[in-house]
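Spelled out from the first residue to the last, the chains are:
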Amino acid sequence: MNAPVPIVPATPRQRKPDWIRVKAPTSEGYAQTRKLMRDLKLNTVCEEAACPNIGECWTKKHATVMILGDTCTRACAFCNVKTGMPRAVDRQEPQHTADAAAALGLEHIVVTSVDRDDLPDGGASQFVKVIEALRRTTPTTTIEILTPDFRNKHERAVEAIVAARPDVYNHNLETVPRLYPTIRPGARYYASLRLLETVKRLDPSIFTKSGVMVGLGEQRLEVHQVMDDMRSAGIDFLTMGQYLQPTPRHATVEEFVTPDAFKAYASIARAKGFLLVAASPLTRSSYHAGDDFAKMRDARQAQLARAGVGAGAGATGG
């Protein structure tokens with residue numbers, strides 16, 4: 001399991017390998033999803049972060065809502081979301097998010113946000129309001145949130161969000177600690193780990209999830225160490241995907257990691273004890289999130305059954 005992971009060296013003019021090329025979105029379902037987001041004045045990370053899976057997901061009417069506006073107070077080297085001074089928080093956003101979930105008929109919704117270092121609570125209260133609006137409007141929809149790190153205020157922010165009881169709490173570590181100063185300069189690796197650890201301490205029934213990108217120049221053993229750190233923090237679900245450079249001014253792709261290499265990483269991660277692992281070149285945090293939530297819930301029930309715990313224990317509500 002510690003064999004070297006094969007990579008394809010990237011060069012500035014190298015075309016993307018066949019395994020990460022996707023077709024441009026043209027379906028009727030895509031157009032309908034786009035129109036609904038516009039009508040409700042909602043932002044999506046699918047568009048703002050230039051996700052390669054937008055055509056597939058929007059065709060199926062699966063969209064990841066990005067709350068707290070479309071402008072981030074950070075400038076991470078990998079992210080395509082614009083940076084600047086955000087506008088005031090939209091008070092209608094929570095209900096509009098719930099209305100979108102109802103209109104799309106979502107069984108599972110993923111809600112993320114920009115970083116809002118300008119707000120006293122980092123935007124945590126807006127996450128709470130979105131969760132509450134979803135519970136009122138679409139009570140059977142399971143809720144997954146992908147939050148920022150709430151820099152210097154994560155304890156109180158996480159306490160408030162956990163009290164609202166999302167089904168999945170996701171916060172991405174993004175890369176290995178060595179690369180944080182250049183790739184994620186506004187964040188701190190161990191602070192992000194502590195955030196996820198806090199979620200588990202406050203409510204062990206909430207599934208925790210985190211993701212990393214590869215292809216930024218990380219070493220194989222560094223990725224293995226991140227996996228160990230995640231397991232020490234009690235993280236249930238690991239996602240891994242290929243980093244793709246959104247524009248020439250963003251961090252360059254150092255290597256294109258092959259599908260076989262992702263399979264090797266996934267095998268190691270499963271051996272380390274994650275409930276679920278999703279690892280492929282096109283894997284992103286919310287890709288197939290609904291299906292993965294069902295698999296994760298089943299995996300927990302199987303784990304509890306092996307331990308002789310009742311089927312209802314430790315399960316989070318929908």
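Since this is a predicted model, take the numbers as computed values, not measurements.

**Focus: the overall build of the protein chain**
- A count of helices and strands for the protein chain gives eleven helices and ten strands.
- Looking at the 318 residues of the protein chain, the share that counts as buried comes to 53%.
- In the protein chain, once contacts between residues fewer than 6 apart in sequence are set aside, the share between residues at least 24 apart is 76%.
- Surface accessibility of the protein chain: about 14,600 Å² in total, with carbon and sulfur atoms responsible for 52%.

**Some points on the pairing of strand 5 (residues 142–146)**
- With respect to burial, strand 5 is a largely interior element, five of its five residues being buried.
- Where burial is concerned, the two faces of strand 5 agree: the one with Thr142, Glu144 and Leu146 and the one with Ile143 and Ile145 are both buried.
- Looking at chain direction, strand 4 (residues 108–113) and strand 5 are connected through five bridges and run parallel. The residue of strand 5 that forms the bridge with isoleucine 109 is isoleucine 143.
- The parallel pair strand 4 and strand 5 is bridged by helix 5 (residues 124–137), and the resulting crossover is right-handed.

**Concerning the nonpolar core**
- With 79 residues, the main nonpolar core has Ile161, Tyr169, Leu173, Met227 and Met240 as its most contacted residues.
- Considering every element that reaches this core, the biggest residue donor is helix 5, with seven residues.
- In this structure isoleucine 161 touches Ala124, Phe127, Val128, Ile131, Ile145, Thr147, Phe150, Pro166 and Tyr169, once residues within four positions along its chain are discounted.
- Counting residues in hydrophobic clusters, the runner-up holds eight residues, among them Val168, Phe237, Leu275 and Met296.

**Observations concerning helix 6 (residues 154–163)**
- Looking only at helix 6, the buried set comprises His154, Ala157, Val158, Ile161 and Val162. Buried residues of helix 6, seen end-on, are gathered within an arc of 125° and therefore sit on one face of the element. Facing away from the buried surface of helix 6 by more than 90 degrees, the exposed residues are Arg156 and Ala163.
- On the buried face of helix 6, the contacting elements are helix 5, strand 5, strand 6 (168–170) and helix 8 (189–202).
- Positive phi appears at arginine 165, one or two residues downstream of helix 6, with a value of about 60°.

**Details of helix 4 (residues 93–104)**
- Between its first and last C-alpha atoms helix 4 spans 16 Å; for twelve residues at 1.5 Å apiece the expected length is 16 Å, and the two agree.
- Of the residues making up helix 4, those classed as buried are Glu93, Pro94, His96, Thr97, Ala98, Ala100, Ala101 and Leu104.
- One or two residues past the end of helix 4 sits glycine 105, with phi positive at roughly 65°.

**Points about the environment of alanine 264**
- Residue position: alanine 264 is located in helix 10 (residues 259–271).
- For the pair alanine 264 and alanine 279, spaced 15 residues apart in sequence, the C-alpha to C-alpha distance is 9.3 Å.

**What to know about the packing of aromatic side chains**
- Tallied over the full model, the rule gives four aromatic pairs.
- Ring centres of phenylalanine 127 and phenylalanine 150 lie 6.4 Å apart, and the angle between their planes is 85°; on these two criteria the pair is classed as edge-to-face. Taken together, the residues phenylalanine 127 in helix 5 and phenylalanine 150 in the loop between strand 5 and helix 6 connect sequence positions 23 residues apart.
- Classification of phenylalanine 127 as buried rests on a relative accessible area of 0%.
- What makes phenylalanine 150 buried here is its relative accessible area of 3%.
- Measuring from ring centre to ring centre gives 4.9 Å for tyrosine 189 and tyrosine 190, while their planes differ by 90°; the resulting arrangement is edge-to-face.
- We classify tyrosine 190 as exposed; its relative accessible area is 52%.
- Taken together through their ring pairs, the aromatic side chains of Tyr180, Tyr189 and Tyr190 make up a single cluster.
- Just above the ring of phenylalanine 274 sits the side chain of arginine 231; from NZ or CZ to the centre is 5.4 Å.

Quick notes on the rules
Along each chain, residue indices are assigned from 1 in the same order as the chain's sequence is written. Local features in a predicted model are, by the rule used here, given only for residues with pLDDT of at least 70; side-chain atom pairs are given and counted only at 80 or more, and totals for whole chains, interfaces and linings are based on all residues. As a convention, hydrogens and water are excluded, and side-chain values are obtained from all of the structure's heavy atoms. Each helix corresponds to a stretch of at least 4 residues labelled H or I by DSSP, and each strand to a stretch of at least 2 residues labelled E; elements are numbered beginning at the N terminus. To sort residues, take the accessible area from a 1.4 Å probe on protein chains only and compare it with the maximum for the residue type: under 20% means buried, over 50% means exposed, and anything in between is partly exposed. Throughout, a contact is declared for two residues whenever any of their heavy atoms are within 4.5 Å. In these tables, accessible area is a Shrake-Rupley quantity obtained with a 1.4 Å probe, and a residue counts as shielded only by the protein chains included in the view. What makes two strands pair is DSSP finding at least two bridges between them. A clockwise path from the first strand over the helix to the second, with the strands pointing away from the viewer, defines a right-handed crossover. Among the buried residues, those of types Ala, Val, Leu, Ile, Met, Phe, Trp, Tyr and Cys that are joined through side-chain atoms within 4.5 Å form a nonpolar core. Here, the arc refers to the directions that run from the helix axis to the C-beta atoms. Here the expected length of a helix is defined as 1.5 Å per residue gap, with one fewer gap than residues. Only Phe, Tyr and Trp rings are paired, with Trp represented by its six-membered ring, and only when their centres lie within 6.5 Å; those with planes under 30 degrees apart are stacked, over 60 edge-to-face, the remainder tilted. By the criterion adopted, a ring carries a charge over it if an Arg CZ or a Lys NZ lies within 6 Å of its centre and within 35 degrees of its normal.

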